[in-house]
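Spelled out, the chains give:
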Amino acid sequence: MFNVILFGPPGSGKGTQSERLLAKYGLKHLSTGDLLRSEIAAQTPLGIEAKNFMDKGQLVPDEVVIGMISSALDNNPSAKGFLFDGFPRTEAQAEALDKLLKLKNTEINVVLALQVSEEELVKRLLNRGKTSGRSDDTNENVIRARIQEYQNKTSVVADYYSRFGKVKNVQGEGSVEEIFIALSAEINALQVTA
Ligand code: B4P
């Protein structure tokens, strides 16, 4: 199996680049943001609880997202690898993911970390908010709270994986195509040496 984490702050291009990487490498996409938004759309108890956090720009509690990822891994026994998008977002989630993958005799191969400035993130998310219908994209204070949550709780996830030499920083500003080429080059380099 080949397992990739696409990492970066909100609006850094994780969702955008995931679509292209999945098509190229045939990995199974696991986006906690998408999974949470489906729960919200279906008005499940989990979705109703998650919406309260997401509308304030806060992270959803670890046990909720870890449970979702655990079920998704179990439901895809024949995947040739996973692309984790927006997960893990805390050190506890990273530790839980390592344990879940170990049970399946596999591990994270690489963490691709998109580098984007805060002003560019705010600009992109406000722009997306004009058409996405996402309540967490329309208010600049909520967007800044999400970036703050990233700095307080999520950026440490890169430090966690750096200890194992798994992080590759990739410039996340430029055209979607340029960034895709840079991400693909990192994956290709690892697959050649694997
Ligand atoms: P997510 O759904 O993960 O969303 P995101 O971080 O906002 O966006 P993403 O990074 O995928 O967007 P993209 O840049 O592609 O999370 C939403 C919320 O769910 C979180 O705030 C949290 O509350 C909750 N949540 C999710 N996972 C969780 C977890 N594990 N633990 C706890 N809580 C969790 O796109 C942004 C915009 O930029 C788009 O409009 C796109 O078109 C544009 N764009 C992309 N690339 C561009 C480029 N190169 N140039 C210009 N624009 C670009």
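Each value, and the rule that gives it
Residues numbered from 1 in each chain as written. Predicted model: local features only at pLDDT ≥ 70, side-chain atom pairs only at ≥ 80, totals over all residues. Heavy atoms only, no water. Buried < 20%, exposed > 50% of the residue type's maximum accessible area, 1.4 Å probe, protein only. Helix = DSSP H or I, 4+ residues; strand = E, 2+ residues; numbered from the N terminus. Pairing = 2+ DSSP bridges. Phe/Tyr/Trp six-rings, centres within 6.5 Å; stacked < 30°, edge-to-face > 60°. Lys NZ or Arg CZ within 6 Å of the ring centre and 35° of its normal.

(A) Local environment of the pairing of strand β1 (residues 4–7). Of the two faces of β1, the one carrying Val4 and Leu6 and the one carrying Ile5 and Phe7 are both buried. The sheet contact formed by β1 and strand β3 (residues 82–85) spans three bridges and is parallel. For Leu6, the partnering residue across the bridge sits in β3 and is Asp85. Where β1 and strand β4 (residues 110–115) come together, four bridges link them in parallel fashion. For Phe7, the partnering residue across the bridge sits in β4 and is Ala113.

(B) Main features of the packing of aromatic side chains. Counted by the stated rule, this structure contains five aromatic pairs. Taking the centre distance of 5.9 Å and the plane angle of 45° together, the rings of Phe7 and Tyr150 count as tilted. Of this pair, Phe7 sits in strand β1 while Tyr150 sits in helix α7 (residues 140–162), and the two are 143 residues apart along the sequence. A residue is classified by how much of its surface remains accessible, and Phe7, at 5% relative accessible area, is buried. The interplanar angle of 90° and the centroid separation of 4.9 Å between the aromatic rings of Tyr160 and Tyr161 together place this pair among those described as edge-to-face. The class of Tyr161 is buried, set by a relative accessible area of 1%. Each member of the aromatic cluster is reached from another via a ring pair, and the members are Phe82, Phe84 and Phe87. One cation-aromatic arrangement involves Arg20 over Phe180; the distance from NZ or CZ to the ring centre is 5.7 Å.

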